[in-house]
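Chains, contacts and geometry: an overview
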Amino acid sequence: MSKLLLVDDDETFLKITVSFLNQNGWEVETAENAKDFFMKLDPEEISSVLVDLQLRNESGIDIIKGVRLQHPYIPIMMCTAHGTIETAVHAMKLGALDYILKPINYDELLIKLNRIEGERLRNSELKELQSRFKLRQTFDDLITQNPEMKKIITLCRSILHTDTTILIQGETGTGKEILAKAIHFESERRMKPFVVVNCAAIPENLIESELFGHEKGAFTDALCRKKGKFEAAADGTLFLDEIGELPLKLQKKILRVLQEQEFERIGSTRTLKSRCRIIAATNRDLKNMVNAGRFREDLYYRLKVFPVFVPPLKERKEDIPLLIDFFMKKYCVKYNRNTLKVSSSFITAVQNTDLPGNVRELEHLVEKNIILSSGTKLEFHSDSSFQPDYAHEEIEDSYKDFIRKKERIYFSAILKRFHGDTEKAAEFAKISRKTVYDKINNLDLKTQ
């Protein structure tokens, strides 16, 4: 049932209007002043508002301005006993979708409210569909000829129609989120929400509210009730990306949701059921984190019901020509370029380039070279100030020491480029800011 919040200081008018609308399919909440109105204005429950322009000691105009400022998508209708063209124009400029004159013709009021509600529902459905199909991906989007990747796709297909929890592991940029989306959109949940939470990108003091939601007044800035991501995912899929960055105190709550399928909003005693499938992903070694006491062992094994490891690009170099071709066509369209010819020398140059960011970094590399290339061929433009050439170095260190040295070169270079600005360095490297801090500490780097 649609719900209207009506503010008017005429008690008789309120009773008559509520009775009429209740009989015609509307639930109505009433308020007699602005303070009462804004206390009851919950955007998750209220469909539309009807504001009287002339209140006893307050202005309906101020209420309309407040609604537009706080909740710009809630439809507003205005009623007034002063029916002039100027009043109507002013109401529309403030953001009201329509107005009605007093004394009210209730049939006209119902027609207008139903029209506004119908438009709101259509817009909501359209946004939902656009969001879903913008995110839609299938296993066909995983461009590969690699035998190991083909095995992974086959395994993932085998559990499409189950509710099993999935843990996707792999280096940064290997395509973990694409795989998660493919599992969702190829499954029976395809028309349900696919909700993404980047556990590394949300400040620690906000992540609990982001995941579980909160009630109005639960803490200082909780001005209204908020649904969390578990609630938003409903009976779709919740993708917990970079779960290795989840604070220890929240890991227990995630474990409870996985085991009991229930949780509470912050500030609420009401238990809600979780019906979504959980897919988690990480570029961390969770087993080592468990041994170091930085990740709960019980959560690790609860997540690892169906583990998947996505190999890095260096272990599937046969995919590089396919991926270059795909990204080349994508960015030629984006930048309105005729399709360029990809030379074998370009492919060789890319294969000899260190790509710690894997497929994501390859995509950015192709995009950059398309921008810089002229003529009909895709030319390779290396950034010598940033990417040293490792191809002809003699390797004498252990693998671990070699990687540490190269990481020092990489992170020293980007920190120097951005004058120690860790936020810009993280954005450039396509990793979390926390990962940059970890590298600074672990590699004993200077930020200036």
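This structure is a prediction, so every number in the text was calculated from the model and none was measured.

Further remarks concern the overall build of the protein chain. Scanning the protein chain from terminus to terminus reveals 18 helices and 16 strands. Taken along its principal axes, the extent of the C-alpha atoms in the protein chain is 90 × 55 × 50 Å. Taking all 448 residues of the protein chain together, 45% fall into the buried category. In the protein chain, the proportion of contacts linking residues at least 24 apart, taken out of those at least 6 apart, comes to 69%. Accessible surface, the protein chain: about 24,100 Å² in total, of which carbon and sulfur atoms supply 50%. Side chains of the protein chain carry 69 positive and 68 negative charges; the gap between the two charge centres is 3 Å.

Attention shifts here to the pairing of strand β10 (residues 237-241). Moving residue by residue along a regular strand, the side chains alternate between the two faces of the sheet. Of all 5 residues that make up β10, 5 are buried, and the element is covered over most of its length. Every second residue of β10 is oriented toward a common face, with T237, F239 and D241 on one face and L238 and L240 on the other, all of them buried. Pairing geometry for strand β7 (residues 194-198) and β10, over 5 bridges, is parallel. Following the sheet pairing, F194 is matched in β10 by T237. Two elements, β10 and strand β13 (residues 277-282), share 4 bridges in a ladder whose sense is parallel. Residue L240 lies in a different strand from β13, and its bridge partner there is A280.

As a further point, take the nonpolar core. Counting 31 residues, the largest nonpolar core has L211, F230, L238, L240 and I254 as its most contacted members. Those elements giving two or more residues to this core turn out to be β7, α8 (204-212), α9 (229-233), β10, α10 (248-260), β13, α11 (286-291) and α12 (297-303). Aside from chain neighbours lying at most four places away, what touches F230 is L211, F212, L238, I254, V257, F263, S274, C276 and I278. Residues I152, L160, F185 and F194 belong to the second largest nonpolar core, which totals 22 residues.

Time to look at the sheet that holds strand β5 (residues 98-101). Read across the sheet, 5 strands follow the order β2-β1-β3-β4-β5 without closing on themselves; strand pairing throughout is parallel. The open sheet has two free edges, formed respectively by β2 (26-31) and β5, since each of these has just one partner strand. Strand-to-strand twist of the sheet, defined as the mean angle between neighbouring strand axes without regard to direction, takes the value 20 degrees.

A separate point is the packing of helix α13 (residues 320-334) against helix α14 (residues 344-351). Axis angle and axis distance: for two packed helices, these are the angle between their axes and the distance between the axes, and together they describe the pair. As a packed pair, α13 and α14 sit with axes 10 Å apart at the nearest point and diverge in direction by 115 degrees. Our classification of the angle between α13 and α14 gives roughly perpendicular. Remark: the crossing between α13 and α14 carries right-handed chirality. In this structure, α13 contributes I320, P321 and I324 to the contact, and α14 contributes F346, I347, V350 and Q351. Considering only residue class, the contact of α13 with α14 consists of 6 nonpolar, 1 polar and no charged.

If you walk through the whole model with that rule in mind, you get 36 salt bridges. A salt bridge links E245 to R284, with the shortest nitrogen-to-oxygen separation between them at 3.1 Å. Here the residue E245 occupies a position in the loop between β10 and α10, and R284 occupies one in the loop between β13 and α11, the gap between them amounting to 39 residues. The class of E245 is buried, set by a relative accessible area of 9%. Linked by salt bridges that have partners in common, K3, E27, E29, D36, K40, E45, E215, R225, E231 and R265 make up one network.

Rules behind the numbers
- Residues numbered from 1 in each chain as written.
- Predicted model: local features only at pLDDT ≥ 70, side-chain atom pairs only at ≥ 80, totals over all residues.
- Heavy atoms only, no water.
- Helix = DSSP H or I, 4+ residues; strand = E, 2+ residues; numbered from the N terminus.
- Buried < 20%, exposed > 50% of the residue type's maximum accessible area, 1.4 Å probe, protein only.
- Contact = heavy atoms within 4.5 Å.
- Areas by Shrake-Rupley, 256 points an atom, 1.4 Å probe, with all protein chains shown as cover.
- Lys, Arg positive; Asp, Glu negative; His and termini not counted.
- Charge placed at Lys NZ, Arg CZ, Asp CG, Glu CD.
- Pairing = 2+ DSSP bridges.
- Core = buried A, V, L, I, M, F, W, Y, C linked by side-chain atoms within 4.5 Å.
- Axes fitted to C-alpha atoms, helices over the stretch in contact; angles between N-to-C directions.
- Parallel < 35°, antiparallel > 145°, perpendicular 65-115°, else oblique.
- Left-handed = near helix turned anticlockwise from the far one by under 90°.
- Nonpolar A, V, L, I, M, F, W, Y, C, P; charged D, E, K, R; others polar.
- Salt bridge = Lys/Arg side-chain N within 4 Å of Asp/Glu carboxyl O.

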